[in-house]
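Here is how the chains run, residue by residue.
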Amino acid sequence: MFQSILYSGLVVLIYMLGWFIVALIKKDNSIADIAWGLGFVLIAAVNLLIAQAVTARQLLMTVLIILWGGRLAGYIFIRNRGRSEDFRYAKWREEWGKKLLIKSFINIFMLQGFFMLIIAYPVMLVSSTTQDKLNLLDLLGVMAWLKGFFYESLGDYQLYKFKLDPSNKGKIITSGLWKYTRHPNYFGEVVIWWGIFLIALSAPYGLTAIVSPLLMTFLLLKVSGVPMLEKKYKDNPEFKEYARKTSSFIPWPPSS
């Protein structure tokens, strides 16, 4: 286990340092969002390479991480192509002033790398065991992952198509999955990581992997996901009406 954590930590440090340098050159810290998903893919690949014995559970988890991280990074790349720096990062750039360099390095790239390691802990845990037989928990984990992947992928796609239409500029999407939750993509991501936790649960000390979905849920619900996005639209009358009718997170039929 120590070897997995050590190698993962070193790789993530070098990886995020590289992205920080690219961000400096491009003057765009929002590329950290692309680095996020790919970082998990890298951690999964490293742990697959250093594992003493590659098990069915590790292969399963590696495939799921690659599918999730690869899709997320690809979507963000396509979404942000040709656009200026994301509003969150642009706001920090303005607020940080002369401390931009050090704060960007620590508060964005290093902090994100730290969170990445904690959330990827189930990957390291599974790679450190030689237990090979899949069981009911693995099946339940895959089912949860599939549900989360459906919500996140379809939610992102529906939002992307909505924003492609010039007539929707300045409007709030209220159709598709967005009719039932204001954040289907965030809901999906949380469910994905609870699914990963269920898969890791069969490994020795598997219960400790609960730190992963708990942190992801906290970050999206209380820190960088829902709060920051909804703050952007807090003075928008259309959003206020949408928020009145629509569940903030867990999908639910809209109220009248």
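Preceding this section is the structure that the text describes.
Quick notes on the rules
Residues numbered from 1 in each chain as written. Predicted model: local features only at pLDDT ≥ 70, side-chain atom pairs only at ≥ 80, totals over all residues. Heavy atoms only, no water. Salt bridge = Lys/Arg side-chain N within 4 Å of Asp/Glu carboxyl O. Helix = DSSP H or I, 4+ residues; strand = E, 2+ residues; numbered from the N terminus. Buried < 20%, exposed > 50% of the residue type's maximum accessible area, 1.4 Å probe, protein only. Polar contact = N/O pair within 3.5 Å; in protein donor to acceptor, adjacent residues only side chain to side chain.

### Here's the deal with the pattern of salt bridges
And step 1. Going through the model one piece at a time under the given rule, you end up with eleven salt bridges.
And step 2. A salt bridge links arginine 244 to glutamate 241, with the nearest nitrogen and oxygen atoms 2.8 Å apart. Of this pair, arginine 244 and glutamate 241 both sit in helix α11 (residues 237-245), three residues apart, roughly one helical turn.
And step 3. A relative accessible area of 47% means that arginine 244 is categorised as partly exposed.
And step 4. Owing to a relative accessible area of 34%, glutamate 241 belongs among the partly exposed residues under this scheme.
And step 5. Three or more residues joined by partner-sharing salt bridges are found here, namely Asp33, Asp86 and Arg88.

### Description of the side chain of glutamate 152
And step 1. Of note, glutamate 152 is situated in helix α7 (residues 136-164).
And step 2. Polar side-chain contacts of glutamate 152 include one of 3.1 Å to the side chain of tryptophan 68.

### Thoughts on unusual backbone geometry
And step 1. Phi is positive for lysine 27, close to 55 degrees, though the residue is something other than glycine.
And step 2. Of the residues examined, lysine 27 reaches a relative accessible area of 64% and is grouped as exposed.

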